[in-house]
Amino acid sequence: MASIATSIQFSIQRSQFSSTSTFLCRAPANLVAFKSRSVAPRASGLELPPESGISPAPVGLSGNGLRSSGWSQLLRRRGSVDFPVTKAADADGLEIDISHGTSKPAKSFTERFPWLVTGFFFFTWYFLNVIFNILNKKVYNYFPYPYFVSVVHLLVGVVYCVISWGVGLPKRAPIDGELLAVLTPVAFCHALGHVMSNVSFAAVAVSFTHTIKALEPFFNAAASQFVLGHQIPLPLWLSLAPVVIGVSMASLTELSFNWLGFGSAMISNIAFTYRSIYSKKAMTGMDSTNVYAYISIIALLFCLPPAVLIEGPKLMQYGFTDAIAKVGLYKFLSDLFWIGMFYHLYNQVATNTLERVAPLTHAVGNVLKRVFVIGFSIVVFGNRISTQTGIGTLIAIAGVAIYSLIKANIEEQKR
């Protein structure tokens, strides 16, 4: 049958639908056909070309298949000759697929290109992480007070969360005493690991701290085996051997090595390991954004006392004045604000990113993130590393990658 272009305009009386509405429906050939039936002359508006060989006939539209929400239901087919409605347009002109009897909006850009959206999340995560590490280390070059800086990191994040709650993005989830008791150990481990990481960043090169923190999977496996009683497969233990060997090689010849930086990074690994253990017990129906906000608030309360006791007298005596004399008040305050903002944003984006991907992608992403941070820190700060340190770092990163891949595959098999 030749293509038929129809334009139907009809009026529905108030006595029939309680209001007067005018609809304009356009449909290409083989998409929409309505049953021919007798209607009032005003409803007839179908014109056919002479060469089609089809006699014009009054055309009507039954309101039974239309709902007030637009094209939310399949237009019901009636009569002996009809065609299924496969596509239509809503009131805003957006195409809707209703080929299977139910309305289904056309795929959005994010649905058509999910890999592009996920890639953007990874890029944002890495970018914010690299900027945070670089800016954080630059602050320590003229303001070496990691306990106070850790408080600033969490304080800016808490203010950000409170403002977000205030505008309803996201809506604040209620918390009770039971949930508070569950989240407190997680927040304590988060605070301890965060502070110790900053102590290490202030004491040694950023690249060396991240090399030490590559041992975190080893501590996770040990805690799972000996604390939680989970049996760790032999291949996982074997994959950790290159990590230990690589970190040992890098530490022996690291030019910026000192025991404060090394020891605090190791304590950070242990703290974050126990944070993971307690986090499993803190799984609730609350979304990750609210959970992280509450953890940040509680962790801030844990970080305040040591900052005041350990660094408070020095800060009041000469710490603030020396920093302001070196870079000026505006740059000092803006640097503190931005390191806190980047710290919170990269953690939040990391959570959102890892929720979008499979465990295997998660594992690879974590390894690549550490490679990016180490590489950029060496370039930006011009850190000199020995050949043995470079080889040891590469061996450690490769070991972490192998461990992550094996662990992800084991988790997939369990599922």
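Since this is a predicted model, take the numbers as computed values, not measurements.

Peer 1: Which residues make up the overall build of the protein, and what values do they have?
Peer 2: The secondary structure content of the protein amounts to 13 helices and 5 strands. Carbon and sulfur atoms make up 63% of the accessible area of the protein, which totals about 23,100 Å².

Peer 1: I'd love a proper account of the nonpolar core, names of residues and values included.
Peer 2: Trp-125, Val-139, Phe-143 and Leu-183 are the most contacted members of the largest nonpolar core, which totals 57 residues. Among the secondary structure elements, those contributing two or more residues to this core are helix H3 (114–142), helix H4 (146–167), helix H5 (177–203), helix H10 (288–327) and helix H11 (329–354). Element by element, the count of residues in this core is highest for H10, at 12 residues. Counting 22 residues, the second-largest nonpolar core is a separate cluster that includes Ile-212, Ala-221, Val-243 and Ala-396.

Peer 1: Could you give an account of the packing of helix H7 (residues 216–226) against helix H8 (residues 234–252), naming the residues involved and the relevant values?
Peer 2: Interhelical geometry of H7 versus H8 gives an angle of 140 degrees and a closest axis separation of 10 Å. Where H7 crosses over H8, the two elements pack in a sense that is left-handed. Packed against H7, whose contacting residues are Pro-217, Phe-218, Ala-221, Ala-222, Gln-225 and Phe-226, the element H8 presents Trp-237, Leu-240 and Val-244 at the interface. Class assignment for the residues of the contact of H7 with H8 results in 8 nonpolar, 1 polar and no charged.

Peer 1: So, the environment of Arg-275: which residues are in play, and what are the values?
Peer 2: With respect to the helices and strands, the residue Arg-275 is situated in helix H9 (residues 259–281). Residue Arg-275 is classed as partly exposed on the basis of its relative accessible area, which comes to 24%. With 86 residues separating them along the chain, Arg-275 and Cys-189 place their C-alpha atoms 5.1 Å apart. Apart from residues lying up to four places away in sequence, Arg-275 is in contact with Val-186, Cys-189 and His-190.

Peer 1: Quick one: what's the story with unusual backbone geometry, residue by residue and with numbers?
Peer 2: Along the chain, Leu-169 connects to Pro-170 via a cis peptide bond; the corresponding omega equals 0 degrees. Tracing the sequence through the fold places Pro-170 in the loop between H4 and H5.

Peer 1: Give a detailed account of the side chain of Ser-207, specifying residues and quantitative values.
Peer 2: The residue Ser-207 is located in helix H6 (residues 206–213) in this model. For Ser-207, the contacting residues outside a window of four places in its chain are Ile-374, Ser-377, Ile-378 and Asn-383.

Peer 1: Give a detailed account of a nonpolar patch on the surface, specifying residues and quantitative values.
Peer 2: A contiguous nonpolar surface patch, about 490 Å² in accessible area, is contributed by Leu-155, Val-159, Ile-163, Val-167 and Leu-169. Its location among the elements puts Val-167 in helix H4. Owing to a relative accessible area of 59%, Val-167 belongs among the exposed residues under this scheme.

Peer 1: Please provide a residue-by-residue account of the packing of aromatic side chains, values included.
Peer 2: Inspection of the entire model under this criterion finds 26 aromatic pairs. Taken together, the ring pairs in this structure connect Phe-122, Trp-125, Tyr-126, Phe-372 and Phe-376 into an aromatic cluster.

Peer 1: Break down the packing of H3 against H4 for me, citing the residues and quoting the values.
Peer 2: Running from N to C, H3 and H4 point in directions that differ by 140 degrees, and their axes come no closer than 11 Å. In terms of their interaxial angle, H3 and H4 are classed as oblique. As for how H3 packs across H4, the hand of that crossing is right-handed. Within the contact between the two elements, H3 uses Phe-132, Asn-136, Val-139 and Tyr-140 and H4 uses Pro-146, Val-149 and His-153. Classifying every residue of the contact of H3 with H4 gives 5 nonpolar, 2 polar and no charged.

Peer 1: Which residues make up the confidence of the model for the protein, and what values go with them?
Peer 2: Put simply, the protein has an average pLDDT of 75, and 69% of its residues get 70 or more. The lowest-confidence element of the protein is strand E1 (residues 6–12), averaging 37 in pLDDT; the highest-confidence one is H4, averaging 94. pLDDT under 50 marks residues 1–83. Its contacts with residues more than four places away, or in other chains, come to 96 contacts.

Peer 1: Describe the UniProt feature "transmembrane region" (unreviewed entry) in the protein, with residues and values.
Peer 2: The positions UniProt marks with the feature "transmembrane region" (unreviewed entry) are residues 113–135, 147–167, 179–196, 234–253, 259–278, 290–309 and 391–410. Here residues 259–278 runs as 100% helix and 0% strand, with 28 Å between its end C-alpha atoms. Secondary structure over residues 290–309 splits into 100% helix and 0% strand, and the C-alpha atoms at its two ends are 30 Å apart.

Peer 1: I'd like a description of helix H13 (residues 387–414), backed by residues and values.
Peer 2: Over its 28 residues, H13 runs 41 Å from end to end, which matches the ideal 40 Å to within 8%, given 1.5 Å per residue. Taken together, the buried positions of H13 are occupied by Thr-389, Gly-390, Gly-392, Thr-393, Ala-396, Ile-397, Gly-399, Val-400, Tyr-403, Ser-404 and Ala-408.

Peer 1: Residue-level account of H8, with values.
Peer 2: When the terminal C-alpha atoms of H8 are compared, their 28 Å separation across 19 residues agrees well with the 27 Å that a helix rising 1.5 Å per residue should span. Among all positions of H8, only Leu-236, Ser-239, Leu-240, Val-243, Gly-246, Val-247, Ala-250 and Ser-251 are buried. The arc enclosing the buried residues of H8, seen along the axis, measures out at 130 degrees, which places them on a common side. Of the exposed residues in H8, those oriented more than 90 degrees away from the buried face are Leu-234, Leu-238 and Leu-252.

Rules used in this analysis
Residues numbered from 1 in each chain as written. Predicted model: local features only at pLDDT ≥ 70, side-chain atom pairs only at ≥ 80, totals over all residues. Heavy atoms only, no water. Helix = DSSP H or I, 4+ residues; strand = E, 2+ residues; numbered from the N terminus. Areas by Shrake-Rupley, 256 points an atom, 1.4 Å probe, with all protein chains shown as cover. Core = buried A, V, L, I, M, F, W, Y, C linked by side-chain atoms within 4.5 Å. Buried < 20%, exposed > 50% of the residue type's maximum accessible area, 1.4 Å probe, protein only. Axes fitted to C-alpha atoms, helices over the stretch in contact; angles between N-to-C directions. Left-handed = near helix turned anticlockwise from the far one by under 90°. Contact = heavy atoms within 4.5 Å. Nonpolar A, V, L, I, M, F, W, Y, C, P; charged D, E, K, R; others polar. Patch = residues over 30% accessible without salt bridge, like charges linked within 9 Å, V, L, I, M, F, W, Y side chains within 5 Å. Salt bridge = Lys/Arg side-chain N within 4 Å of Asp/Glu carboxyl O. Phe/Tyr/Trp six-rings, centres within 6.5 Å; stacked < 30°, edge-to-face > 60°. Parallel < 35°, antiparallel > 145°, perpendicular 65-115°, else oblique. pLDDT = per-residue confidence, 0-100. UniProt positions renumbered as here; feature names shortened; annotations may be inferred. Expected span 1.5 Å × (residues − 1). Arc of directions from axis to C-beta.

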